[in-house]
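Below are the chains, spelled out letter by letter.
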Amino acid sequence: MSWMPPTRHRRSHHPADQRHDERRFHHPDLTKLGGWKSMQAEADIPDAEWEKEKAWALRMGLTAADSIEDRSIPTFARGELPHYAGINTFLKAPYTEDVTEVGNYDATVLGAPFDGGTTYRPGTRFGPQGLRKISALYTPYNYELGIDLREQMSLCDAGDIFTIPANIEKTFDQISRAVSHVFSSGSMPIIIGGDHSIGFPCVRGIARCTSKKIGIVHFDRHADIQEKDLDERMHTTPWFHSTNLPNVPAKNLVQVGIGGWQVPREAVKVARERETNIITMADMERMGVDKTAEMALEMAWDGVDMVYISFDIDSIDCGFVPGTGWPEPGGFLPREALALASKVAAEGICGMELVEVSPPYDTSDITALMGTRVIVDVLGAMVSAGKMGAHKPHIDKPVSLPMGDYDPARDGRRWTTPAKGA
Ligand SMILES: [Mn+2]
């Protein structure tokens, strides 16, 4: 008979050990903790996509030097690892350089690098690059949610929209066209700004592909609903023009986190006239996150078919997000913002934008990281709730954009020596 360890004297608090040790009764029941549940839940998440990515990396990046023991490591970095290496897309998702391929993915990230709508600090034209850069540090797995985005949804990065820096109206036309293309493909658009002026062309891009109605949950310190600012449509005006669209009712616009000393009176007048819904930061604090989300969802979804999220990073207290165009103290704590965005996303959304990250004013990439986090938490909440793709049945007026006249078979591959490329 072999020697058995004296289990009565083990110090482990792990639930699996409790059956061996009657003395454990005075310790907390760990099975009630999310930490314990998540540990168990991980076992049920598949890893087929990760295995596929590793095999793909060896095909693309060649097998490693003989001295390297882990034979899944390639010579050239391809895919997720190492996090500090590579040509960054958002979350190292595949780059759909050919944008006719975005329909193969549940969601598409597309950058709108434009800061011509800015009325104070510029720099958000670098927002998409800033988010992509710091997004590389994330894995697609979230312990607390018990989900792995790579295994449970598909994501691509279509790169940036060609914006026109000195012409906001031409830029709006380009953004609406790009968003319409992605939305029509069935892939959910995730637009990374860019200043908040892009909110109007993004919503317009979705709205023109459907006869259904769209509600908007808008997280911000600022109301952004006046008609013009400095004589033009600027980043202070997206919701005036969005709620002029026939299928975007103003009564389904819910603005959460508004307050402070930067809400222009012109905007308040419009909000009052159009009967939009404003939940101030103090309202949120008094009601709490759950009740706030519940109320926002009720108003945004009232009589509509889809809801869009517009998240201005400056809705979070400026102490956490210094790299933004109009910093305002007294905003959300990060945990509140992430929880609110997640709760709204868990009911299903038709698209989202993350705006106002300005890398030139950022410190240690912290603002860009917060923006990245909002996006991945939204995706995580949708996957957890089984809502990814819920918008697809509402795409009843898809658009089709003509391609340019370029045939790789006839014209060869770009930037190659003709002899080799032929
Ligand atoms: Mn704002």
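The structure this text deals with has already been given above.
Residues numbered from 1 in each chain as written. Predicted model: local features only at pLDDT ≥ 70, side-chain atom pairs only at ≥ 80, totals over all residues.

Another point: the overall build of the chain. In terms of helices and strands, the chain carries 15 helices and ten strands. Against the 2.2 N^0.38 benchmark of 22 Å for 422 residues, the chain shows a C-alpha radius of gyration of 24 Å, consistent with a compact globule. Taking the principal axes of its C-alpha atoms as reference, the chain extends roughly 90 × 70 × 40 Å. Here the chain holds 422 residues, and 44% of them are scored as buried. Considering only contacts within the chain whose residues lie at least 6 apart along the sequence, 75% involve residues at least 24 apart. (Helix = DSSP H or I, 4+ residues; strand = E, 2+ residues; numbered from the N terminus. Rg over C-alpha atoms; globule rule 2.2 N^0.38 Å. Buried ≥ 20, exposed ≤ 12 C-beta atoms within 10 Å, placed from the backbone. Contact = placed C-beta atoms within 7 Å.)

Our next topic: the sheet that holds strand 8 (residues 277-280). An order of 4-1-5-10-9-6-7-8 is seen for the eight strands of this open sheet, with the pairing classed as parallel. Looking at the sheet topology across the chains shown, the edges are occupied by strand 4 (155-160) and strand 8. For this sheet, the mean angle separating the axes of adjacent strands, direction not counted, is 15°. Where strand 6 (residues 214-219) and strand 7 (residues 253-258) come together, four bridges link them in parallel fashion. Within the sheet, the bridge partner assigned to H218 lies in strand 7 and is Q255. In the packing of helix 11 (residues 289-300) onto the sheet, contacts are made with strand 6, strand 7, strand 8 and strand 9 (306-312), and the angle to strand 7 comes to roughly 155°. (Pairing = 2+ DSSP bridges. Axes fitted to C-alpha atoms, helices over the stretch in contact; angles between N-to-C directions.)

Right, let's get into the packing of helix 12 (residues 334-345) against helix 13 (residues 366-385). Two elements in contact, helix 12 and helix 13, have axes whose closest approach is 8 Å; the angle formed by their N-to-C orientations is 35°. In the crossing of helix 12 with helix 13, the sense of the turn from one axis to the other is right-handed. Across the interface between the two elements, P334, A337, L338, A341, S342 and A345 from helix 12 touch M370, R373, V374, D377, V378, A381 and M382 from helix 13. Each residue belonging to the contact of helix 12 with helix 13 can be placed in one class, and the counts come to ten nonpolar, one polar and two charged. (Left-handed = near helix turned anticlockwise from the far one by under 90°. Nonpolar A, V, L, I, M, F, W, Y, C, P; charged D, E, K, R; others polar.)

Our focus in this paragraph is helix 4 (residues 127-135). Counting buried positions over the nine residues of helix 4 gives seven, a clear majority of the element. Within helix 4, the full set of buried residues consists of G127, P128, G130, L131, R132, I134 and S135. Of the surrounding elements, those touching the buried residues of helix 4 are strand 1 (107-112), strand 4, strand 5 (188-193) and helix 13.

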